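As a plain string of letters, each chain reads:
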Protein chains: 2
Amino acid sequence: MSNDKPMLASRRAMLKKTAALAAGGATLMVAGPSRASECKPVTPKFDEIYDIIVVGSGFAGMAAAVQAAEDGAKVLVIDKMPVFGGNSTINGGAMAVAGSHLQEKEGVKDSVALMVEDMLAAGRGMNDKKMLELVCDGTAESAKWLEERGTVWKPFVQHFGGHSVPRILQTRESSGAGIIRPLIKVANKKGVTMYTQTELRGFVKNEDGRIVGVQVQSDYFWPKKRSGSPKMYGARKGVIMATGGFGRDIDFRQIQQPSLTDELDSTNHAGATADALKLMMLEGANPVHLDQIQLGPWSSPDEKGFGTASQFNTIATYQNGLVVDVRTGERFFNELADRKARADAIMTRRDDEGKPVYPVGFTNAKGAAQAQTLAWGLKYDVIKKADTLEELAEIYGMPADKLVAQVERWNEAVRTGEDKEFGRPLMQAFELKEGPWYGVRMWPKVHYCMGGVRVNTHSEVLHLVTNKPITGLYAAGEATGGIHGASRLGACAVAEGVVTGRNAAKHAFASNTVELQLA
Amino acid sequence: MSNDKPMLASRRAMLKKTAALAAGGATLMVAGPSRASECKPVTPKFDEIYDIIVVGSGFAGMAAAVQAAEDGAKVLVIDKMPVFGGNSTINGGAMAVAGSHLQEKEGVKDSVALMVEDMLAAGRGMNDKKMLELVCDGTAESAKWLEERGTVWKPFVQHFGGHSVPRILQTRESSGAGIIRPLIKVANKKGVTMYTQTELRGFVKNEDGRIVGVQVQSDYFWPKKRSGSPKMYGARKGVIMATGGFGRDIDFRQIQQPSLTDELDSTNHAGATADALKLMMLEGANPVHLDQIQLGPWSSPDEKGFGTASQFNTIATYQNGLVVDVRTGERFFNELADRKARADAIMTRRDDEGKPVYPVGFTNAKGAAQAQTLAWGLKYDVIKKADTLEELAEIYGMPADKLVAQVERWNEAVRTGEDKEFGRPLMQAFELKEGPWYGVRMWPKVHYCMGGVRVNTHSEVLHLVTNKPITGLYAAGEATGGIHGASRLGACAVAEGVVTGRNAAKHAFASNTVELQLA
């Protein structure tokens, strides 16, 4: 009783600080080693107490929550948005897996070492190799783990750009929802507490400096900073940050990459901001590669966000079609190069004033057979249909003869087994013979943040100065930096999220338990 | 008196913290918005009190100190090393200036806008344009300002790579010492207090959260963290961080760029570490472009550090000579491209095992006429002399006929006024006719950190969360990030350091004064 009063007082103070921080008045709050002040630690008291608190409910967050709950932990998942899943439910649901049953079935020779090699090449050697190996090594087991929890993969393996062999599994739904929904079901069955509209506003440390909880704003209507009410939740074993990237945080991304203005669209959901990253940095987390921001090379300027073209181009035009400059009707890059190479190539197509000249990706009915968003793309007029190549050229104002000649050169390449023009791998390539043809205009959109906080192989967030873990703080998925280096390969975010989310949960669960007090 | 006791207690506590931080035990100290504790601010008391404290004594630091002292401020400069000047005294002393008297004299048309354009191109568009314009706009006036304070420029203007016109002034000594020494003289005359062996260990804030001083270790023997004794110095107007880059901080640079191992040499002095950057980050400073680390393309594997080759190649081979692959005797890049393009090109020269095949840069007596380090390079056998091209080919095991043919193609390019091979600008180019020839083997070394803390045009350090200034904290020179984007052009570090150092001093001096107490 006697020590309730100071406690409540200081707790109010803390929550005031937190609100102030969120409202942008942080300078006063940031103490670091500098504040000229006398502090005496007080024992924090919490509204609710769990073993593990997971912040974010995408691939990494839900994998962490389910893993921890199955291991026997009392788990809380919070998400600031009104729905769970973040970007993970609006992406393509494709997962790169080294050594899957489907590869075996289709006789594709693959290995963890080869996947690492591919990702190092795409990452321009900037990758955190230890974490990269941890992710690749875990893909086969994690794909099976997802399957056992309700994910249904398409019955064929795909070949995405930058991967030297076909190794992509994709959910039946062609959406990450095919992974998130089943995991939420399992989480509910396992008694995981899940709150939406609950925004992280700060961390709580105990007297040893270990992070033992979070300060949140609950019943919060994003992005109304002042909505909702403050709460403190305790974590006896750890807080796992599965808070994703900042692709939609236009101010923050422009500080690193001024060219990524608000005129450039993003495939991300509106909640993909840098708020959680900043809170970790204020704790001394070490940010790596923040200026490595990926543009998705498969999106279309003729619709907003991820839309219908991204999936169509990924599964149809890039794997089974060609991308040409509308001014020449000719290819200008390897359609199976990594994302950075493709996005950079597309963005070189500009007129004398520097304005974009949108290239066109196209394939035929055979090439589009697996594209579930074709119908929607046609309905919204993002994808256009033509019976002949001449008609396709007509639609996009391309020189028909050049286009026809280009397709013939491609078919010749398939017949000879070598793409002399751009060295594209041809394992799954086929000749483009008859129509109908399907075309789509292309221009990159901000898609993924390679950068984030530095972690060790226990998924512990490392401190800038000590290079040691910030005790009690874990991170997984896009919130971490270094795994992908300068450019992430397609379908490697699901792999990263699921593997590192589970890894964080295992290590947090294995950590020692601290006793916490309820308010 | 009465409030001395708690003060001293808390000061001891602070200094303990500081020591702990330096010793790597920071987690406990890092409070951020999270610490569950009750703090009551205490009035800091200082061992010495100044108006402005400058941390670091390179171009930015000395320019700031002299500007502030001339404006009437009481100034302290501290440097952790036993000598002043840092990297600035071991660099080439070359300054890019748009609109110098020498350009006028030699009829070179230049403008601030053109210099900005050149630096944006080198920076791959990642530059902080406002800061970039501030720097370029200040170069002509700052070059004159240095001249008036004792710097003597060579009587000719030079053309460095990436600059579209000759705009480089260089000190008579071909060293930054030609700038630092005169500024130290002026500083002494103006009564600036200057301490070596004094390392920053933390900042001191007042009750409003304004930074009003520094915690340091004085009589400190770098890198012996435990040497020396703690002191607190007050700054009534502001602390200016002119703490440079982290090119020699192998751990920190590898976190961002794993390829920059300890096997890769650096041109930097041993004190070029990330310690000061980390302290700013713990205060909430926003780090930009930390993974943009520049390799100097003019250094030699046949000597340590900056050495003799860097200046020789800068002034002789790159401006008046050629760089060839020893296996072919042929050029493979534009010798006047920007640093990144040249370093990247050189590092592609490897054998089948990936081992470096050092290219050779060479020119003749006429091309080497201005190279003051030629004699030393020959003495140390870093630069080799040959009477004929055949002899030069012999020395480096190059095909002589190919080398002779390459030189003939170059001379043809000079005659026709167009370098058809690599598009090198030819304003100051001349034919390479007779020997003696001077050759040097080349391989890049870590040279400069484009990244650093984000500042506004008042050189105030901006907070990660608020995007507002961290009151009382300024930064200038290499310690800041964003001005150069992905790649700094040669001679732009002196320009940046002097212009932004003076800018920081002017704005710190113009800020309101806070009253501080002596211990």
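Think of each chain on its own: its residues are numbered from 1, step by step along the sequence as written. Naming scheme: in the order in which they are written, chains are lettered from A and ligands are numbered from 1. Restriction of local features to residues with pLDDT of at least 70 applies here, the model being predicted, together with a cutoff of 80 or more for giving and counting side-chain atom pairs; totals for whole chains, interfaces and linings are based on all residues. The basis for every side-chain value is the complete set of non-hydrogen atoms in the structure, without hydrogens or water.

- The name given to chain A in an unreviewed UniProt entry is Flavocytochrome c, with the source organism recorded as Ferrimonas balearica.
- UniProt positions are given in the numbering used here, feature names are shortened, and annotations may be inferred rather than shown by experiment. Annotation of chain A in UniProt includes, under Cofactor (unreviewed entry), the sentence "FAD".
- The heading Sequence similarities (unreviewed entry) in the UniProt record of chain A holds the text "Belongs to the FAD-dependent oxidoreductase 2 family. FRD/SDH subfamily."

**So, the overall build of chain A**
Okay, so step 1: Helix and strand counts for chain A come out as 14 helices and 22 strands.
Okay, so step 2: We compute the radius of gyration from the C-alpha atoms alone; for a globule the expected value is 2.2 Å times N to the 0.38, where N is the number of residues. Here the C-alpha radius of gyration of chain A, 24 Å, is about what a compact globule of 519 residues would show, namely 24 Å.
Okay, so step 3: Seen along its three principal axes, the alpha-carbon backbone of chain A occupies a region of about 90 × 50 × 40 Å.
Okay, so step 4: Considering chain A as a whole, with its 519 residues, one finds that 63% of them fall into the buried category.
Okay, so step 5: Long-range contacts, defined here as pairs at least 24 residues apart, represent 74% of the contacts in chain A between residues at least 6 apart. Only DSSP runs of H or I with at least four residues qualify as helices, and only runs of E with at least two residues qualify as strands; both kinds are numbered from the N terminus onward. Think of it in three bands: with a 1.4 Å probe and only protein chains considered, a residue is buried below 20% of the maximum accessible area for its type, exposed above 50%, and partly exposed in between. For this analysis, residues touch if any pair of their heavy atoms sits within 4.5 Å.

**Thoughts on the domain arrangement of chain A**
All names here are of chain A.
Okay, so step 1: Domains are outlined according to an automatic or database domain assignment. Segmentation of chain A into domains returns domain 1 (49-294 + 447-518) and domain 2 (298-443).
Okay, so step 2: A separation of 32 Å is found between the C-alpha centroids of domain 1 and domain 2.
Okay, so step 3: Listed as interface residues are 32 residues of domain 1 and, on the opposing side, 22 residues of domain 2.
Okay, so step 4: The salt bridge definition used is simple: a Lys or Arg side-chain nitrogen within 4 Å of an Asp or Glu carboxyl oxygen. In this assembly, domain 1 and domain 2 are joined by one salt bridge.
Okay, so step 5: With its nearest N and O atoms 3.0 Å apart, the salt bridge here joins Arg 124 to Asp 338.
Okay, so step 6: A 3.5 Å cut-off defines polar contacts: any pair of N or O atoms within that distance qualifies, except that in protein one atom must be a possible hydrogen donor and the other a possible acceptor, and neighbouring residues in sequence count only when both atoms are side-chain atoms. Counting across the interface, domain 1 meets domain 2 through 13 residue pairs in polar contact (both at pLDDT 80 or more).
Okay, so step 7: Its residues assigned to classes, the side of domain 1 that touches domain 2 shows 11 nonpolar, 15 polar and six charged. Any residue outside Ala, Val, Leu, Ile, Met, Phe, Trp, Tyr, Cys, Pro, Asp, Glu, Lys and Arg is labelled polar, Gly included; the first ten of those are nonpolar and the last four are charged.

**Here we look at the packing of aromatic side chains**
Okay, so step 1: We call Phe, Tyr and Trp rings a pair once their centres come within 6.5 Å, taking the six-membered ring for Trp, and we label the pair stacked below 30 degrees between planes, edge-to-face above 60, and tilted otherwise. Considering all chains together, one arrives at 16 aromatic pairs over all chains under this definition.
Okay, so step 2: The interplanar angle of 45° and the centroid separation of 5.9 Å between the aromatic rings of A:Tyr195 and A:Tyr233 together place this pair among those described as tilted. Of the two residues, A:Tyr195 sits in strand S7 (residues 193-195) while A:Tyr233 sits in strand S10 (residues 229-241), which places them 38 residues apart along the sequence.
Okay, so step 3: Overall, A:Tyr233 belongs to the buried group, its relative accessible area being 2%.
Okay, so step 4: When the centroid spacing of 5.5 Å and the interplanar angle of 65° are considered together, the rings of B:Trp298 and B:Phe306 count as edge-to-face.
Okay, so step 5: Cluster of aromatic residues (ring-pair linked, three or more members): A:Tyr318, A:Phe332 and A:Phe333.
Okay, so step 6: When the NZ atom of lysine or the CZ atom of arginine is within 6 Å of a ring's centre and also within 35 degrees of its normal, the charge is said to sit over that ring. The ring of B:Tyr318 is capped by B:Arg342, whose NZ or CZ atom sits 4.4 Å from the centre of that ring.
Okay, so step 7: Over the aromatic face of B:Phe430 sits the side chain of B:Lys366, whose NZ or CZ is 4.1 Å from the ring centroid.

**Quick notes on the packing of helix H5 (residues 129-148) of chain A against helix H14 (residues 492-510) of chain A**
Residues and elements named next belong to chain A.
Okay, so step 1: Orientation is described by lines fitted to C-alpha atoms, with helices fitted over the stretch in contact, and by angles between N-to-C directions that extend from 0 to 180 degrees. For the pair H5 and H14, the least separation of the axes is 8 Å and the interaxial angle reads 90°. For the element pair H5 / H14, the angle class is roughly perpendicular. Side by side, H5 and H14 meet where Met 131, Leu 134, Val 135, Gly 138, Thr 139, Glu 141, Ser 142, Trp 145 and Leu 146 of the first sit next to Ala 495, Glu 496, Val 498, Val 499, Thr 500, Arg 502 and Asn 503 of the second.
Okay, so step 2: Of the residues that constitute the contact of H5 with H14, the class distribution is eight nonpolar, five polar and three charged. Reported orientations rely on four angle classes, namely roughly parallel under 35 degrees, roughly antiparallel over 145, roughly perpendicular from 65 to 115, and oblique for the rest.

**Regarding the UniProt feature "domain: FAD-dependent oxidoreductase 2 FAD-binding" (unreviewed entry) in chain A**
Okay, so step 1: Taking the numbering used here, the UniProt-annotated feature "domain: FAD-dependent oxidoreductase 2 FAD-binding" (unreviewed entry) corresponds to residues 51-493 of chain A.
Okay, so step 2: Span residues 51-493 of chain A is 29% helix and 20% strand, its end C-alpha atoms 27 Å apart.

**Quick word on the sheet that holds strand S17 (residues 437-441) of chain B**
All names here are of chain B.
Okay, so step 1: Between any two strands, pairing holds if DSSP finds at least two bridges. One open sheet holds the five strands; their spatial order is S14-S13-S15-S17-S16, and the pairing between them is antiparallel. Each end of this open sheet is capped by a strand with a single partner; those strands are strand S14 (330-331) and strand S16 (383-386).
Okay, so step 2: Here four bridges tie S16 to S17, and the two strands are oriented antiparallel to one another. In the sheet register, Ala 386 faces S17, and the bridge partner there is Trp 437.
Okay, so step 3: In this fold helix H10 (residues 309-320) packs onto strand S13 (322-325), strand S15 (360-364), S16 and S17, with an angle of close to 65° to the strand it touches most, S15.

**Concerning the sheet that holds strand S15 (residues 360-364) of chain A**
All names here are of chain A.
Okay, so step 1: One open sheet holds the five strands; their spatial order is S14-S13-S15-S17-S16, and the pairing between them is antiparallel. Each of the sheet's edge strands pairs with one partner strand only, and the pair in question is strand S14 (330-331) and strand S16 (383-386).
Okay, so step 2: Running at roughly 140° to S16, helix H12 (residues 389-396) makes contact with S15, S16 and strand S17 (437-441) of the sheet.

**Regarding the pattern of salt bridges**
Side-chain pairs of opposite charge can arise where the charged atoms are in close proximity.
Okay, so step 1: By the definition in use, this model includes 60 salt bridges over all chains.
Okay, so step 2: B:Arg331 is the salt-bridge partner of B:Asp419, the closest N and O atoms lying 3.1 Å from each other. With B:Asp419 in the loop between helix H14 (400-416) and S17 and B:Arg331 in strand S14, this pair connects stretches of sequence that are 88 residues apart. Judged on exposure class, the residue B:Asp419 and its partner B:Arg331 are both buried.
Okay, so step 3: The residue B:Glu418 makes a salt bridge to B:Lys420 at a minimum N-O spacing of 4.0 Å.
Okay, so step 4: Take B:Glu418: its relative accessible area is 45%, and that puts it in the partly exposed class.
Okay, so step 5: In the salt-bridge network here, residues are joined through shared partners; they are A:Arg331, A:Glu335, A:Arg409, A:Asp419, A:Glu421 and A:Arg424.

**Digging into the confidence of the model for chain A**
Okay, so step 1: pLDDT expresses, on a scale from 0 to 100, how confident the predictor is about each individual residue. Of all residues in chain A, 93% have pLDDT values of 70 or greater, and the mean over the chain is 92.
Okay, so step 2: Here residues 1-32 of chain A is a poorly scored stretch, pLDDT under 50, and it has 68 contacts once near neighbours within four places are set aside; other chains count.

**Remarks on H10(B)**
Residues and elements named next belong to chain B.
Okay, so step 1: Under the 1.5 Å per step criterion, the end-to-end length of H10 is only 14 Å for 12 residues, more than 12% shorter than the ideal 16 Å.
Okay, so step 2: Of all 12 residues that make up H10, 12 are buried, and the element is covered over most of its length.
Okay, so step 3: Of all the residues in H10, the buried ones are Ala 309, Ser 310, Gln 311, Phe 312, Asn 313, Thr 314, Ile 315, Ala 316, Thr 317, Tyr 318, Gln 319 and Asn 320. Helix span is expected to be 1.5 Å times the residue number reduced by one.

**Looking at the side chain of B:Lys205**
All names here are of chain B.
Okay, so step 1: Relative to the helices and strands, Lys 205 is located in strand S8 (residues 199-205).
Okay, so step 2: Residue Lys 205 is classed as buried on the basis of its relative accessible area, which comes to 1%.
Okay, so step 3: At a separation of 3.1 Å, a polar atom in the side chain of Lys 205 contacts the side chain of Glu 283.

**Observations regarding the packing of helix H2 (residues 59-71) of chain A against helix H6 (residues 177-189) of chain A**
Residues and elements named next belong to chain A.
Okay, so step 1: Close contact between H2 and H6 brings their axes to 9 Å; oriented N to C, the two are set at 30°. Considering the angle they form, H2 stands roughly parallel to H6. In this structure, H2 crosses over H6, and the sense of that crossing is left-handed. Counted together, Phe 59, Met 62, Ala 63, Val 66 and Glu 70 of H2 and Ile 179, Ile 180, Leu 183, Ile 184, Val 186 and Ala 187 of H6 form the full contact between these two elements.
Okay, so step 2: Along the lines of polarity and charge, the residues of the contact of H2 with H6 split into 10 nonpolar, no polar and one charged. Here a crossing is called left-handed whenever its near helix is offset anticlockwise from the far helix by less than a right angle, and right-handed whenever the offset is clockwise.

**Describing the side chain of B:His159**
Residue and element names in this part refer to chain B.
Okay, so step 1: Tracing the sequence through the fold places His 159 in the loop between helix H6 (129-148) and strand S6 (168-170).
Okay, so step 2: With relative accessibility at 3%, the residue His 159 sits in the buried group.
Okay, so step 3: Only 2.5 Å separates the side chain of His 159 from the backbone oxygen of His 163, close enough to count as a polar contact.

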